[in-house]
Amino acid sequence: MTRDGWELVKVCITALIAIIVVLSCYLYRSKLHIARLEDSLSLAQAKVQDLRKIEEINNRQKVEISRLNDEAERLKNKIEDLEKLSKQVQALAEKALGIDLSYKRSQRSYSSRGRDTSLEEIRKKIDKLDNTVEIQKDSLNQVRSQLEILYEWRYSVPSGKPVPGHISSGFGYRRRSFHTGIDIRSNIGTSVKATANGIVSYAGWKGGYGFTVIVRHNFGFSTLYAHLSKISVNIGKRVERGDIIGYTGMTGYTTGPHLHYEVRINDKPVDPKDFL
Ligand SMILES: [Zn+2]
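Anyway, here's the lowdown on the structure attached to this text. (Residues numbered from 1 in each chain as written. Predicted model: local features only at pLDDT ≥ 70, side-chain atom pairs only at ≥ 80, totals over all residues.)

**Thoughts on the overall build of the chain**
Summing up its helical and strand segments, the chain has two helices and 12 strands in all. Counting helices and strands in the order they occur from the N terminus, the chain gives α-α-β-β-β-β-β-β-β-β-β-β-β-β. Taken against the 2.2 N^0.38 rule, which gives 19 Å for 276 residues, the C-alpha radius of gyration of the chain at 49 Å runs more than 25% over that of a compact globule. Intrachain contacts of the chain at a sequence separation of at least 6 include 65% that bridge at least 24 residues. (Helix = DSSP H or I, 4+ residues; strand = E, 2+ residues; numbered from the N terminus. Rg over C-alpha atoms; globule rule 2.2 N^0.38 Å. Contact = placed C-beta atoms within 7 Å.)

This is the structure in structure tokens:
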């Protein structure tokens, strides 16, 4: 080979080496770039994952908040019912005990004061309040049933005179017969009032009693009103203390206008004076 030939070969080899070096650099830079892109991509993927998690948490919180709202609404209704029940019990207590129980109560606020409370704390407060409401409801219901019995008793036991007037004949033996009630002197046509709440069990003619009304009350009590001129109730009618059941007269065996009044316990006559 000539000298020129060697020179050409050397130039070619140098050029080839230069090309290889440039290509290598280019490839290396591309590789670095790809690696950076891969890093960015996995970062972005991680961010997307995070966002998804946040979204999930948000959705869960939304559901929880909506559930808590429903719970709070339900509780509000329960508290309103409790207040109604409390008012009913108070009214019943006033009727059963015959006293005025009205007093100014301080308005209790059931609303949560803290603004930064967590959902979990709100949940706990709602549960606690719910429990308190249930306990109060139970106690009020117990008191109510006791008061209902007391109320029944108060209005089932005969009390007061069925007509105004003097007692002309008392309960017990008089001469040979036993007087099973009391006689109250009264002008004909005076209204006769039931002395306790109950149901009319007899209304009509009853031998020597003349026109008679019998009212059955709770706890074994009954009252009898005799010698009436007129009866204004029918059998089965529910009457309350003070309701007019008829008018005084002198029907049956009687010497003058009066009301024969009896109080019976389990059908056994007792002295009505103890119930006036
Ligand atoms: Zn009599």
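**As for the pairing of strand β4 (residues 182-185)**
Of the strand pairs in this sheet, strand β1 (residues 167-169) and β4 are connected by two bridges, and their pairing is antiparallel. Residue pairing for β4: Ile167 is matched across the bridge by Ile184. Relative to strand β11 (residues 258-265), β4 runs antiparallel, the two sharing four bridges. In the strand pairing of β11, Asp183 is matched with His260. (Pairing = 2+ DSSP bridges.)

**Structural notes on the nonpolar core**
Counting 23 residues, the largest nonpolar core has Val192, Val213, Val215, Tyr225, Leu228 and Ile245 as the members making the most contacts within it. Top element by residues in this core is strand β8 (residues 221-231). It accounts for six residues. Beyond its immediate chain neighbours, meaning those up to four positions away, Leu228 contacts Val192, Gly210, Phe211, Thr212, Val213, Gly246, Tyr247, Thr248, Gly249 and Thr251. (Core = buried A, V, L, I, M, F, W, Y, C linked by C-beta atoms within 7 Å. Buried ≥ 20, exposed ≤ 12 C-beta atoms within 10 Å, placed from the backbone.)

**Some remarks on the environment of Gly181**
Relative to the elements of secondary structure, Gly181 occurs in the loop between β3 (177-179) and β4. Given 23 C-beta atoms within 10 Å, Gly181 falls into the buried group. Once you skip the residues sitting within four places of it in the chain, Gly181 turns out to touch Phe171, Leu224, His260, Tyr261, Glu262, Pro269 and Pro272.

**Quick notes on helix α1 (residues 3-97)**
For an α-helix, the turn length of 3.6 residues means that residues three or four places apart are oriented alike. In a regular helix each residue adds 1.5 Å, so 95 residues correspond to 141 Å; α1 covers 138 Å between its end C-alpha atoms and thus fits that length. For α1, the buried fraction is low: one of the 95 residues fall into the buried class. At the exit of α1 stands Gly98, carrying a positive phi of roughly 70°. (Expected span 1.5 Å × (residues − 1).)

**Details of the pairing of β11**
Within β11, seven of the eight residues are buried, which leaves the element mostly enclosed by the surrounding structure. Inspection of the sheet shows β8 paired to β11 by six bridges, in the antiparallel sense. Residue Thr223 lies in a different strand from β11, and its bridge partner there is Val263. Inspection of the sheet shows β11 paired to strand β12 (residues 268-270) by three bridges, in the antiparallel sense. Counted as the bridge partner of Arg264 is Pro269 from β12. Between β11 and β12, which pair antiparallel in sequence order, lie two residues; one of them, Asn266, sits at a positive phi of approximately 50°.

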